[in-house]
Amino acid sequence: MFTQYHRSKVFIEKKEEGFGLRCHRAIRTCCELIGIKDLHCKVEGSTKNVNAVTQALFDALINQETHHELADRMGYHVVEFRKEREHLPVTIASPSSGIVREDELKDEDEDLEVEFDRLYFGGKCRLERPPRQWHYSKLKSWKKKTKEMHAIRNQPEAQILHRAGFW
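Residues numbered from 1 in each chain as written. Predicted model: local features only at pLDDT ≥ 70, side-chain atom pairs only at ≥ 80, totals over all residues. Heavy atoms only, no water.

Novice: How should I be thinking about the side chain of histidine 24 in this particular structure?
Specialist: Looking at where histidine 24 falls in the secondary structure, it is placed in the loop between strand S3 (21-22) and helix H1 (25-34). In this structure histidine 24 touches Val43, Thr47 and Val53, once residues within four positions along its chain are discounted. (Helix = DSSP H or I, 4+ residues; strand = E, 2+ residues; numbered from the N terminus. Contact = heavy atoms within 4.5 Å.)

Novice: Explanation requested: the pairing of strand S1 (residues 2-5) in the structure shown.
Specialist: In regular strands, side chains alternate between the two faces of the sheet. Inspection of the sheet shows S1 paired to strand S2 (residues 8-14) by 4 bridges, in the antiparallel sense. Residue pairing across strands places threonine 3 opposite valine 10, the latter belonging to S2. Taking the residues that link successive antiparallel strands as the turn, the S1-S2 hairpin has 2 residues, and the phi of histidine 6 there is positive, at about 55 degrees. (Pairing = 2+ DSSP bridges.)

Novice: Would you explain unusual backbone geometry in this entry?
Specialist: A negative phi angle is the norm for most residues apart from glycine, just as the trans form is the norm for most peptide bonds. A positive phi angle, near 60 degrees, is found at glutamate 86, a position not held by glycine. Structurally, glutamate 86 is set in the loop between strand S5 (78-81) and strand S6 (89-93). Phi at histidine 87 is positive, roughly 60 degrees, even though this residue is not glycine. Within the secondary structure layout, histidine 87 lies in the loop between S5 and S6.

Novice: Would you mind going over the pattern of salt bridges with me for this structure?
Specialist: As a working rule, side chains carrying opposite charge can pair if their charged atoms are close by. Applying the stated criterion across every chain yields a total of 4 salt bridges. Taking the shortest distance from any N to any O, the salt bridge between glutamate 80 and arginine 82 comes out at 3.2 Å. One network of salt bridges, with partners in common, ties together Glu80, Arg82 and Glu84. (Salt bridge = Lys/Arg side-chain N within 4 Å of Asp/Glu carboxyl O.)

Novice: Would you take a moment to explain the pairing of strand S4 (residues 39-45) for this structure?
Specialist: One ladder, built from 7 bridges, connects S2 with S4; its direction is antiparallel. Across the sheet, residue valine 10 finds its bridge partner in S4, namely valine 43. Here S3 pairs with S4 via 2 bridges, running parallel. When the sheet's bridge partners are listed, leucine 21 is paired in S4 with leucine 39.

What follows is the structure in structure tokens.
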């Protein structure tokens, strides 16, 4: 689920049993009081405003979509794969009209519409930060050394020296 309250954006995902609570401290406290045990939350934007974060959590809990509502909206069966059942499909909900779409997804837009993140996060995606660069990776000497190592990295002699710890 995705909710936003003022400048606090909260991405909430249900996780399997035993995962625990991996989320903001305010959300963790609320979940412990409510009785939620397995949850992953990512808070973006203003994380210091605890009132906005908790309000976003409760807005998400109030406005969450049930499996039957999702089945009615999409026109497909909602199927769950669980580890306890050896990943066998179990139908959780079917469209209430009884008419199930059987046609395959034809275009990319329709395929993206069915993607999990777009269904539950409202088309939003979490911020993925680039991997951290080390302070020495911009030095000329480091670039020269990596260029030299790259040229002979798959040579047998270089592999033997590397395994022996001389490189």
